[in-house]
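Chains, contacts and geometry: an overview
This is what each chain is made of:
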Amino acid sequence: MYKSFEKIVLCFFVAIASVLFMSGIANAGSSVSTLSLTSSIVPQTNSAVSSSGTSVTINSDQLGSATDNAIVFDISATSASGHTVRGANVSTTAPKASSAAEITVTSVAQNVVKTFSIPVDQVAVGAANTVFTVTLEAFGSPDGDPLTTCSQANTLNISFPSNYECQITTLTVTVTPLTSAGADTGAIVNNFMRRRSGGILANEPDLHKQLDDENGGEINSVTYALSETSGGFNGSFNAQTNRKLASQFGHGYKADAGAEPSGFSNFWISGALSRTKQNGQSQDFGIVHLGAGYKINSDLLIGGIFQIDRASEDDTSVGASVSGTGWMIGPYLVARLQDNVLFDGRIAYGQSSNKVSPTGAYTDNFDTTRALVKARITGEYYHDDVKISPLLSFIYLTEKQKAYVDSLSATIPEQTVNLGQISFGSDVSKTFVLDNGMVMTPNAGIKGVWNFKDTGFLNAVTGSASTLNNAEISARLDFGVDIKNDNGMNFDIGGFFDGIGSSNYEAYGGSAKLTVNF
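What you see as residue numbers is a count from 1 along each chain, following the sequence as written. The predicted origin of the model limits local features to residues at a pLDDT of at least 70 and limits the giving and counting of side-chain atom pairs to 80 or more, whereas totals for whole chains, interfaces and linings rest on all residues. The basis for every side-chain value is the complete set of non-hydrogen atoms in the structure, without hydrogens or water.

Aromatic rings from Phe, Tyr and Trp, with only the six-membered ring used for Trp, were paired whenever their centres fell within 6.5 Å, and each pair was classed as stacked if the ring planes differed by under 30 degrees, edge-to-face if by over 60, and tilted otherwise. Evaluated as defined, the whole model comprises 5 aromatic pairs. Relative to Phe452, the ring of Phe394 has its centre 5.6 Å away and its plane inclined at 20 degrees; by these criteria the two rings are stacked. Separated by 58 residues along the polypeptide, Phe394 in strand β19 (residues 386–401) and Phe452 in strand β24 (residues 439–454) bring together distant segments of the chain. On the basis of relative accessible area, Phe394 is assigned to the partly exposed category, the value being 31%. What makes Phe452 partly exposed here is its relative accessible area of 29%. Among the aromatic side chains, those forming a connected cluster through ring pairs are Phe394, Tyr396, Trp450 and Phe452. Seen from the ring of Phe496, Arg476 lies directly overhead, with NZ or CZ sitting 4.0 Å from the centre. To qualify as a helix, a DSSP run of H or I must reach at least 4 residues; to qualify as a strand, a run of E must reach at least 2; elements of each kind are numbered from the N terminus. Here's how the labels work: a residue is buried when its accessible area is under 20% of the maximum for its type, exposed when over 50%, partly exposed in between, all with a 1.4 Å probe on protein chains only. Note on criteria: charge over ring means Lys NZ or Arg CZ within 6 Å of the ring centre, with the direction from the centre no more than 35 degrees off the ring normal.

Here you go:
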């Protein structure tokens, strides 16, 4: 019996020693203080984000302008002295977030401070509330005791409480859909197309001068112009070359040896660049025309024009941006109706490809088709040494936007923007020859414009007609002086006042133009 008791006591001490030994191996840091891990993940404050506890709400109407294209969360994890934060892993179920579905922020330190962001285009994805989660897993252990996963921390915490810990914080994020307080996509597209149409019509090439024999037929010239207005600036250039051809146009035979060629080939390029700002909208617009014509005789010229234009604009009232590139191609004609009356006209057809971001939260593509018709009559009459140049012009541009489905799964219906104008007026000029041989020509003119067809601008929020639409009839006054020297150089400086008769549009400015003939 004594030996049995001795064996029991011996086994008891061996068991205690084994437990102490295994405890020392498994947890060399078990004698340190409690881990006391604290962690948090909170969204950074801006006008689009509000939070309460673990609930976060994102207002889609405020996205883009308020968030710089991302929702940012602040992450922090802290442990007590003698312990280490081993990892802070963030994951999200945000739509389209496959590339950022799990971001691991690992650090071996007592304090961890990081940020985690979700791109805005992963957030606003539906016409109803979108709900997803953002989860932070933070875990730590005693110093010198490596730990690589949260599951390890949970397992060891069972045997060694307070020394190993894993904390999981989950935020529920609710994204509200865009509402009427945000932006009307159709109205934003309409306004872009209408403003671009105005830019196209305002920069129509001056075709009737191609039939002008004032310079003896063969012309090589370059013109530069710059104008500054109350709402922006406009720069333009024009270059052309006329050359006689060695064969007849429109006939099936070559000219006889020594015969005078029947006409001139005409190759030209013109372009313009402008920037305008008005009522919270700004637009950059550029256009280039490439043309080639043939002068059949002194009374008739025919040719073709290819044009390309680029426009981009921002609307700060709703945080929208739109841009697009378009083209048109078609024939033109210049004819002399009488000795002092010229007619020019053209037709063109084309398309455009565009991008729109109604609030800055997402971007969609849309396409358009377009057509243009133009006819103009100009004249030159003299009363003594005063030249009177009357003008009557018709131009009509129509552009149809094709329907599409946007990133919010909403259908943006097709729409057509029309702009038709009839212009009428006259310029008056008088030429003076100076003693040094230079020629100076003061000039002034007034032109009326009737918008007989105008889709107009829309309110970018409500989609209703804008109160900023121009009057149907307005007038423009131009004045200036042209100076020409005997070296083939022209310098023209002038000013203008536009919007006469319109209660909500007014523009004024000055311009300078230089033409060099070679």
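Before going further, it helps to spend a moment on the state of the cysteines. Two cysteine sulfurs form what is called a disulfide whenever their separation falls within 2.5 Å. Applying the stated rule across the entire model yields 1 disulfide. With its sulfur 1.5 Å from that of its partner, Cys150 forms a disulfide with Cys166. Looking down the S-S bond of the Cys150 and Cys166 bridge, the torsion is 70 degrees, so its handedness is right-handed. Of this pair, Cys150 sits in helix α2 (residues 150–159) while Cys166 sits in strand β9 (residues 165–176); the two residues are 16 residues apart in sequence, bridging distant segments of the chain. Here Cys150 matches Cys166 in class, with each residue buried.

Further remarks concern the pairing of β24. Note on strand geometry: in a regular strand, side chains alternate between the two faces of the sheet. Direction of pairing for strand β22 (residues 415–430) relative to β24: antiparallel, over a ladder of 11 bridges. Paired with Gly425 across the two strands is Lys447, which belongs to β24. Examined bridge by bridge, strand β23 (residues 432–433) and β24 share 2 bridges and lie antiparallel to one another. Its bridge partner lying in β24, Val433 is registered against Val439. In sequence, β23 turns back onto β24 through a hairpin of 5 residues, with Gly437 there showing a positive phi of about 90 degrees. Bridge count for β24 against strand β25 (residues 473–484) is 12 bridges, and the pairing is antiparallel. Each bridged residue has a counterpart across the sheet, and for Gly445 the counterpart in β25 is Asp478. Here, a strand pair is defined by DSSP locating no fewer than two bridges between the strands.

Another aspect to go through is the nonpolar core. Here, nonpolar core means buried Ala, Val, Leu, Ile, Met, Phe, Trp, Tyr and Cys residues that are tied together by side-chain atoms lying within 4.5 Å of each other. By size, the foremost hydrophobic cluster in this structure holds 25 residues, and its most contacted members are Ile188, Ile200, Leu201, Val356, Phe366 and Leu372. Secondary structure elements with two or more residues in this core: α3 (185–202), β13 (281–297), β15 (320–338), β16 (341–357), β17 (364–379), β19 and β22. In terms of residue count, α3 provides more of this core than any other element does, 6 residues in total. Contacts were defined at the residue level, with two residues in contact if any of their heavy atoms lie within 4.5 Å. Not counting residues up to four positions away in its chain, the partners in contact with Leu201 are Leu372, Ile395, Leu397, Leu419 and Gln421. With 19 residues, the next largest nonpolar core counts Ile71, Phe132, Leu171 and Val175 among its residues.

This paragraph deals with the pairing of β9. Where strand β3 (residues 55–59) and β9 come together, 5 bridges link them in parallel fashion. For Val56, the partnering residue across the bridge sits in β9 and is Val173. Summarising the sheet, strand β8 (residues 130–142) and β9 pair through 11 bridges and their orientation is antiparallel. Across the sheet, Gly140 pairs through a bridge with Glu165, a residue of β9.

Here we come to the sheet that holds strand β7 (residues 111–119). The sheet built from 3 strands is open, its strands ordered β1-β4-β7 with antiparallel pairing. Sheet topology places β1 (38–43) and β7 at the edges, where each strand pairs with a single neighbour. Pairwise comparison of adjacent strand axes, ignoring direction, gives a mean angle of 15 degrees for this sheet. Direction of pairing for β1 relative to strand β4 (residues 70–78): antiparallel, over a ladder of 6 bridges. When the sheet's bridge partners are listed, Thr38 is paired in β4 with Thr78. Orientation is described by axes fitted as lines to C-alpha atoms, over the contacting stretch for helices, and by angles from 0 to 180 degrees between their N-to-C directions.

The phi angle at Asp384 is positive, at roughly 60 degrees, despite the residue not being glycine. We classify Asp384 as exposed; its relative accessible area is 68%.

A carboxyl oxygen of Asp or Glu within 4 Å of a side-chain nitrogen of Lys or Arg is what we treat as a salt bridge. Under the definition given, this model contains 17 salt bridges. Here Asp344 makes a salt bridge to Arg376, at a shortest N to O gap of 3.2 Å. Taken together, the residues Asp344 in strand β16 and Arg376 in strand β17 connect sequence positions 32 residues apart. Residues Lys400 and Glu414 are paired through a salt bridge, measuring 3.6 Å at the closest nitrogen-oxygen approach. With Lys400 in strand β19 and Glu414 in the loop between β21 (411–412) and β22, the pair connects residues that are 14 residues apart, well separated along the chain.

Okay, the confidence of the model for the protein chain next. A residue's pLDDT is simply how confident the predictor is in it, with values from 0 to 100. On average, residues of the protein chain score 79 in pLDDT, and 77% of them reach the 70 mark or higher. Counting interchain partners and residues more than four positions distant, the pLDDT-below-50 stretch residues 17–32 has 16 contacts. Taken as a whole, residues 245–262 scores under 50 in pLDDT and shows 19 contacts with residues more than four places along the chain or in a different chain.

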